[in-house]
Amino acid sequence: ERCARYSDNRDYPWGYDVPDCLYANIYQDGDYCIGWTAPIDAHPNGDNSLGVHDMAGNLWEWVNDWCDDYSPEPQTDPIGPSTGVWRVYRGGGFGTEWMYIHSAYRNYSAPSLTDDSIGFRICRTATP
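Numbering of residues begins from 1 in every chain and follows the order in which that chain's sequence is written. Reporting of local features is limited, given that this is a predicted model, to residues whose pLDDT is at least 70; pairs of side-chain atoms are given and counted only at 80 or more, and all residues count toward the totals for whole chains, interfaces and linings. The side-chain figures draw on all heavy atoms in the structure; neither hydrogens nor water molecules are used.

Asks: Tell me about the sheet that holds strand β3 (residues 60-66), and please be specific about residues and values.
Replies: In this description, strands pair whenever DSSP reports at least two bridges between them. Note on conventions: DSSP H or I runs of at least 4 residues are helices, E runs of at least 2 residues are strands, and numbering of each starts at the N terminus. One open sheet holds the 4 strands; their spatial order is β5-β4-β3-β6, and the pairing between them is mixed. Two strands lie at the open edges of the sheet, namely β5 (106-109) and β6 (118-119), each paired on one side alone. Note that β3 and β6 share 2 bridges and pair parallel. Among the inter-strand pairings, Trp60 is bridged to a residue of β6, identified as Ile118.

So, in structure tokens, the structure goes:
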């Protein structure tokens with residue numbers, strides 16, 4: 001979420017404009033933008049300020065967190081519980097309507113779920 005919202009807490013990785021097929025591979029106005037996953041750089045208007053592609057739409061992404069309610073106290077980068085039943089995924093897939101790809105939106109399911117619109121992002125730490 002932090003990467004998607006950048007440093008200014010924006011609604012979407014690209015800013016505040018409501019998503020459409022120029023920004024993300026989603027389901028819009030009763031039809032699919034593409035109807036399947038798209039190449040990683042197919043929607044450059046949707047890139048965040050860090051140059052990260054497809055943080056919204058195209059493919060839901062599993063994250064490392066177990067699902068739990070957020071604390072009512074303000075937190076920075078909460079890690080969630082160490083165990084649980086449901087894993088969190090974020091970002092929305094190619095069949096997701098625009099209102100569910102907001103950077104703060106999260107969904108959850110059993111970690112054993114397989115679906116053609118859920119995957120994961122491989123990240124690594126850059127070496128100096």
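Asks: Could you give me a rundown of the layout of surface pockets, with the residues and numbers involved?
Replies: Here the term cavity refers to a set of points on a 1 Å grid, laid over the protein atoms alone, in which a 1.4 Å probe fits but cannot get out; the term pocket refers to an open set having protein on both sides within 12 Å along at least five of seven lines, with lining residues being those that place an atom within 4 Å of a point. Grid points are joined across faces, edges and corners, and a volume is the space filled by probe spheres set on the points. Taken as a whole, the largest pocket encloses approximately 1,100 Å³ of empty space. If you trace the largest pocket, you find 35 residues lining it, with Glu1, Arg2, Cys3, Ala4 and Arg90 closest to the centre. Looking at the lining of the largest pocket, the elements with two or more residues in it are α1 (2-5) and β3. Per element, the largest residue contribution to the lining of the largest pocket is 5 residues, and it comes from β3. Classification convention: Asp, Glu, Lys, Arg as charged; Ala, Val, Leu, Ile, Met, Phe, Trp, Tyr, Cys, Pro as nonpolar; all other residues, Gly among them, as polar. Tallied by class, residues from the lining of the largest pocket come to 16 nonpolar, 9 polar and 10 charged.

Asks: Break down the state of the cysteines for me, citing the residues and quoting the values.
Replies: For the purposes of this analysis, a disulfide is any pair of cysteine sulfur atoms at a distance within 2.5 Å. Per the counting criterion, the structure on display carries 1 disulfide. The disulfide that involves Cys21 links it to Cys33, with 1.9 Å between the sulfurs. Every disulfide takes its handedness from the sign of the S-S torsion; for Cys21 and Cys33 that torsion is -85°, giving left-handed. Of this pair, Cys21 sits in the loop between α1 and β1 (27-28) while Cys33 sits in the loop between β2 (31-32) and β3; the two residues are 12 residues apart in sequence, bridging distant segments of the chain. In this structure Cys21 comes out as partly exposed when scored by relative accessible area, which is 31%. Residue burial is assigned from relative accessible area. The probe radius is 1.4 Å, only protein chains are included, and a residue is buried under 20% of its type maximum, exposed over 50%, and partly exposed in between.

Asks: Describe the nonpolar core, listing the residues and the values that go with them.
Replies: Buried Ala, Val, Leu, Ile, Met, Phe, Trp, Tyr and Cys residues form a nonpolar core when they are joined through side-chain atoms within 4.5 Å. Grouped together as the largest cluster of nonpolar side chains are 7 residues: Tyr12, Trp14, Tyr23, Ala24, Ile26, Ala56 and Ile101. Residue contacts are counted whenever heavy atoms from the two residues lie within 4.5 Å of one another. Setting aside anything within four residues of it in sequence, one finds Tyr23 in contact with Trp14, Asp17, Val18, His43, Asn45 and Gly46.

Asks: Just give me the short version of the environment of Tyr70, but keep the residues and values in it.
Replies: Mapped onto the fold, Tyr70 is located in the loop between β3 and β4 (87-90). Spatially, the C-alpha atoms of Tyr70 and Gly80 are 8.0 Å apart, while their sequence positions differ by 10 residues. Residue contacts for Tyr70: discarding those within four places in its chain leaves Glu1, Pro78, Arg90 and Arg106. Polar contacts involving the side chain of Tyr70 include one to the side chain of Arg90, which spans 2.9 Å. Here a polar contact is taken to be a pair of N or O atoms separated by no more than 3.5 Å, where protein atoms must pair a possible hydrogen donor with a possible acceptor and residues adjacent in sequence count only if both atoms sit in side chains.

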